[in-house]
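Architecture and fold: a report
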Amino acid sequence: LTAVSMAPGFSGAPLPILATKAICSRLGGPTFEAVRGVCLEGESGIIAEARRNSVEIESYNKNRQELELANGSKIVGASAEKPDSIRGYNFAYVWFDELAMIRYFSFYHESLQPAMRKGDNPRLLITTTPKRVRLIRDLIEKSRWEHADADGGEGTGVHLTEAISAENIHFSRKQRLKLEKDYAGNPVMLAQELRGEMLGETDGALFPQEQFNQTR
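Residues numbered from 1 in each chain as written. Predicted model: local features only at pLDDT ≥ 70, side-chain atom pairs only at ≥ 80, totals over all residues. Heavy atoms only, no water.

Let's shift gears to the sheet that holds strand β2 (residues 24-29). Taken together, the eight strands give an open sheet; going across it, the order is β3-β4-β5-β2-β6-β7-β1-β8, and neighbouring strands pair in mixed fashion. Bordering the open sheet on either side are β3 (57-61) and β8 (158-162), each of which pairs with just one other strand. Sheet twist, expressed as the mean angle between neighbouring strand axes with direction ignored, is 15 degrees. Pairing geometry for β2 and strand β6 (residues 93-97), over four bridges, is parallel. Looking at the pairing, G28 lines up with F96 of β6. (Pairing = 2+ DSSP bridges. Helix = DSSP H or I, 4+ residues; strand = E, 2+ residues; numbered from the N terminus. Axes fitted to C-alpha atoms, helices over the stretch in contact; angles between N-to-C directions.)

Our next topic: the environment of I75. Looking at the element boundaries, I75 is found in strand β5 (residues 74-79). Given a relative accessible area of 0%, I75 falls into the buried group. When the C-alpha atoms of I75 and Q65 are compared, they prove to be 8.2 Å apart, with 10 residues separating the residues in sequence. In this view, I75 contacts I17, L18, S25, L27, I46, Q65, E66, L67 and L69; residues no more than four positions away in its chain are not counted. (Buried < 20%, exposed > 50% of the residue type's maximum accessible area, 1.4 Å probe, protein only. Contact = heavy atoms within 4.5 Å.)

Here V94 lies in strand β6. Between the alpha carbons of V94 and L112 there is a distance of 9.0 Å; along the sequence they are 18 residues apart. Setting aside its immediate chain neighbours within four residues, V94 contacts R26, L112, M116, R123, L124 and L125.

What follows is about the packing of aromatic side chains. Counted according to the given criterion, the structure contains two aromatic pairs. Pairing F96 with F107 gives two aromatic rings, centres 5.8 Å apart and planes at 50 degrees, and the pair type is tilted. Here F96, found in strand β6, pairs with F107, found in helix α4 (residues 106-115); they are 11 residues apart in sequence, far enough to count as distant. You'll find F96 and F107 in the same group, each marked buried. Across the ring face of Y89, the terminal group of R26 is positioned such that the distance to the ring centre comes to 4.4 Å. (Phe/Tyr/Trp six-rings, centres within 6.5 Å; stacked < 30°, edge-to-face > 60°. Lys NZ or Arg CZ within 6 Å of the ring centre and 35° of its normal.)

The phi angle at S54 is positive, at roughly 55 degrees, despite the residue not being glycine. Among the structural elements, S54 can be located in the loop between α3 (46-52) and β3. Residues other than glycine seldom take positive phi values, yet Q65 does so here, at roughly 55 degrees. Inspection of the secondary structure puts Q65 in the loop between β3 and β4 (66-69). Of the residues examined, Q65 reaches a relative accessible area of 1% and is grouped as buried.

All right, on to the side chain of S165 then. Assignment of secondary structure puts S165 in the loop between β8 and α6 (173-182). Its relative accessible area of 1% is what places S165 among the buried residues. In this structure the side chain of S165 is engaged in a polar contact, spanning 3.5 Å, whose partner is the backbone oxygen of E193. (Polar contact = N/O pair within 3.5 Å; in protein donor to acceptor, adjacent residues only side chain to side chain.)

With four bridges joining them, β3 and β4 adopt antiparallel strand pairing. Bridge pairing links N61 to E66 in β4. The antiparallel pairing of β3 with β4 creates a hairpin that spans four residues between the two strands, and Q65 there sits at a positive phi of about 55 degrees.

By themselves these figures say nothing about function.
As structure tokens, this is what we get:
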């Protein structure tokens, strides 16, 4: 199962990682610092959510980005800065934040997907601000056939949810209103960054986005 959440700013770390006993989970982000600063130590990251939900943390190694819980589970961080950084690993559950921002999309296809092979039902949760890149567009298209394909065959298992910044309980209302005012004259930023909308090509663009995506 792959769950994709198109939301400008995630509103809390995924609780199945914290609630499931004796599993090895992975946190992913575009960079090492993003994994630590957002997914692990952020206000809505794993550590904060564990404390809010009375989940006991046994130990935390900041340099290795390893978190051990009292229930026997281990949570390890990994960045997408190198395409083959997780090659050979076995994951039961992965939360990847801001997938649309990674530099090497081969990381998703050649490293992350093959690593989702532990247990009866490996699960991948993707939270990202929607960017018009092929990987994200492909996932959105696959979500149309979550339960069955066009011919009635097996579905893709990709589930899509969408949200806006106003639904994020960790997003300061004062700051959100300020950004809405600042972006009032910029419909692109307003739609993408606050409303979580996938934008199309700009009419008359000299260099379509797809030309850049093909060389990434």
